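# Structural overview
For reference, the chains in residue letters:
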Amino acid sequence: MPSIQAKIVGDFCNLRCTYCRDRDFDQGRVRVMSGETLSVLIRAVSALPQSVLRMHWLGGEPTLAGLDFFREVVRLQALCSGGNWRNTIQTNATLITSDWARFFKAHNFKVGVSIDGTQETHDLDRVNLSDKGSYRQAMQGVAVLRDAEVNPSVICVITRRNVGLGAQMLRSLVNNGFTNISFNAFYNTATDPSRDDYAVSDSEWTQFLKDVFEEWVRIDRPDVKVREIDQMLAWTQGKIAKSCVFRGTCSSWLLVDHDGAVYPCERLGRPTSFGNVRDSSFTEMLKGSRYREFAFRTREVPNKCQKCEMKNFCHNGCVAHRTDDGDSAPHYVYCGSRLAFHKLLQNSVGTLGSLASHTERG
Ligand code: SF4
Ligand code: SF4
């Protein structure tokens, strides 16, 4: 059964990152999930037939919903008897105060922050309303979190503007105390062609992964986990990757928008909606024809993947990052980099002998 992502602040943020499609939306008012929809959502999640109830809070910038919103979250969760709740939040960290940090610590929230590598690369794209870089403000938020003993993970967006700086970005993140690092290649052309200039090509992503891997080996810190390396290493050890982009389905998540609309993932957006949590339960939606048709489509793989030695690991990649290249079904745009990165790891088998024990996640 899926984990639930709740996009509680709809298409609204206090930053205006250059690559973000939300930047162009009407941001005249903050659209926050209503108390009524939140209550319905928590009840719907608690009804899922699973012992651990995972909720991931995001926006826009989710902290714009306010601390009282999250106090209500934990209050409602506590009312659902028997629920083993696990909360995570993804924030740009610029609005984090000691009150937020203490709240996250007290309620055991896992926190992910968005920092795009070095100050220079971050400030190039992650700008505020005045077009000024937000690095200092974000790192101040990170410091406040750490003061409260909350150790955030980090997501770093890779665009065509910073893709050549993988090694520097990784080193900067590690030097700044991050040990749980994920890189997301920017590829958004399916939903927003105006952002094409930022999209990373397969060959650029291949070189980026190579640069990051080599730097990770140089850094030689067993405690530093880089998702892209971790997932591939896990596979070489016969483990199952956790990340949906290595599973080839979107079944790991359901995303609930601020108005209750349910769809698979932010990358695919509202056109793939399965219904509204105010009208039907998750179980009903997952049994419905819209979900089944969607799930069927995500499992389609082109001929090239059928014959590929990596098919049971790669599964044709992220569903949102597939395009028609003339094969029998839409094909993963970063196919080349998956194959090349796998080959690189195989060729580094001597090095990997000592590094393999570094990875614990499967
Ligand atoms: S579209 Fe991609 S990122 Fe989103 S849930 Fe599906 S596989 Fe994961
Ligand atoms: S590496 Fe390429 S061919 Fe192989 S399964 Fe992945 S997308 Fe398909």
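Just so it is clear, the structure is predicted and the values come from calculations on it, not from any experiment. (Residues numbered from 1 in each chain as written. Chains lettered and ligands numbered in written order. Predicted model: local features only at pLDDT ≥ 70, side-chain atom pairs only at ≥ 80, totals over all residues.)

### A few points about the overall build of the protein chain
Selection criterion: Only DSSP runs of H or I covering at least 4 residues are called helices, and only runs of E covering at least 2 are called strands; the numbering of each starts at the N terminus. As a rule, residues whose C-beta atom has 12 or fewer other C-beta atoms within 10 Å are exposed, those with 20 or more are buried, and those in between are partly exposed; C-beta atoms are placed from the backbone. Here contacts are defined at the residue level, using C-beta atoms placed from the backbone and a cut-off of 7 Å between them.
Secondary structure assignment for the protein chain yields 14 helices and 14 strands. Projected onto the principal axes, the alpha-carbon positions of the protein chain cover approximately 55 × 45 × 40 Å. Each of the 362 residues in the protein chain was classed as buried or not, and the buried ones make up 39%. Put simply, of all contacts in the protein chain between residues at least 6 apart along the chain, 70% involve residues at least 24 apart.

### Concerning the site of ligand 1
We apply this condition: All residues are tested the same way: a C-beta atom is placed from the backbone, and lying within 6 Å of a molecule or strand makes the residue near it. Under the grouping applied here, Gly and all other residues not named as nonpolar or charged are polar, the nonpolar ones being Ala, Val, Leu, Ile, Met, Phe, Trp, Tyr, Cys and Pro and the charged ones Asp, Glu, Lys and Arg. Per the annotation, domain bounds derive from an automatic or database assignment of domains.
Taken together, Cys244, Val245, Cys250, Trp253, Pro264, Cys265, Arg267, Leu268, Cys318, Val319 and Ala320 form the complete shell of residues around ligand 1. By residue class, the composition of the shell around ligand 1 is 10 nonpolar, no polar and 1 charged. In this structure, the shell around ligand 1 is formed jointly by two domains, domain 1 (1-132 + 250-283) and domain 2 (152-237 + 300-361), each of which donates at least three residues.

### Side note on the sheet that holds strand E1 (residues 3-7)
Think of a sheet as strands paired side by side through backbone hydrogen bonds, with each pair either parallel or antiparallel. Rules: Any two strands are treated as partners once DSSP identifies two or more bridges connecting them.
In space, the 10 strands of this open sheet follow the order E9-E8-E7-E6-E5-E4-E1-E10-E11-E12, with mixed pairing throughout. Because the sheet does not close on itself, it has two edges, and the strands there are strand E9 (225-226) and strand E12 (275-276).

### Comments concerning helix H6 (residues 166-175)
Applied cut-off: Comment: arc refers to directions from the helix axis out to C-beta atoms.
Gly166, Met169, Leu170, Ser172 and Leu173 are the residues of H6 that are buried. Looking straight down H6, one finds its buried side chains confined to an arc of 165°; they lie on one side. Considering only its buried residues, H6 is in contact with helix H4 (119-125), strand E7 (153-158), strand E8 (180-185) and helix H7 (202-219). Immediately downstream of H6, the backbone of Gly177 shows phi near 90°, a positive value.

### What about the site of ligand 2?
Taken together, Lys304, Cys305, Cys308, Met310, Lys311, Cys314, Asn316, Gly317, Tyr332, Cys335, Arg338 and Leu339 are the residues near ligand 2. Elements that contribute at least two residues to the shell around ligand 2 include exactly helix H11 (303-306), helix H12 (311-314) and helix H13 (335-347). Top element by residues in the shell around ligand 2 is H13. It accounts for 3 residues. By residue class, the composition of the shell around ligand 2 is 7 nonpolar, 2 polar and 3 charged.

### What to know about the confidence of the model for the protein chain
To keep things clear, this is the line we draw: Summary of the metric used: pLDDT quantifies the predictor's per-residue confidence within the range 0 to 100.
Per-residue pLDDT for the protein chain averages 89, and the proportion of residues at 70 or more is 92%. When the criterion is pLDDT under 50, residues 356-362 qualifies, and its contacts beyond four places in sequence or with other chains add up to 14 contacts.

### Focus on unusual backbone geometry
Trans is the common state for peptide bonds, and a negative phi is the common state for residues other than glycine. Unusually for a residue other than glycine, Asn108 sits at a positive phi of about 60°. Mapped onto the elements, Asn108 comes out in the loop between helix H3 (98-106) and strand E6 (110-114). Located in the positive-phi region is Glu149, a residue other than glycine, with phi close to 65°. Positionally, Glu149 belongs in the loop between helix H5 (135-147) and E7.

### Side note on the environment of Gly248
In this fold, Gly248 is placed in the loop between helix H8 (227-236) and strand E10 (253-256). Put simply, Gly248 and Val319 are 71 residues apart on the chain and 6.3 Å apart in space, counted from C-alpha to C-alpha. Excluding its chain neighbours within four sequence positions, the residues that come into contact with Gly248 are Thr298, His315, Asn316 and Gly317.

### Brief notes about the pairing of strand E5 (residues 84-91)
To keep things clear, this is the line we draw: Every crossover in which the path from the first strand over the helix to the second runs clockwise, viewed with the strands pointing away from the viewer, is termed right-handed.
Of the strand pairs in this sheet, strand E4 (residues 52-58) and E5 are connected by 6 bridges, and their pairing is parallel. Bridge assignment links Leu53 to a residue of E5, and that residue is Trp85. Traced from E4 through helix H2 (residues 67-79) to E5, the parallel crossover comes out right-handed. Across 4 bridges, the pairing between E5 and E6 is parallel. If you follow Thr88 over to E6, its bridge partner there is Lys110.

### Some points on the pairing of E6
Moving residue by residue along a regular strand, the side chains alternate between the two faces of the sheet. Each parallel crossover has a hand, and for E5 linked through H3 to E6 it is right-handed. One ladder, built from 3 bridges, connects E6 with E7; its direction is parallel. The residue of E7 that forms the bridge with Ser114 is Ile155.

### Digging into the domain arrangement of the protein chain
Segmenting the protein chain into domains produces domain 1 (1-132 + 250-283) and domain 2 (152-237 + 300-361). Secondary structure elements with two or more residues in the side of domain 1 that touches domain 2: E6 and H4. Across the side of domain 1 that touches domain 2, the residue classes tally to 8 nonpolar, 7 polar and 4 charged.

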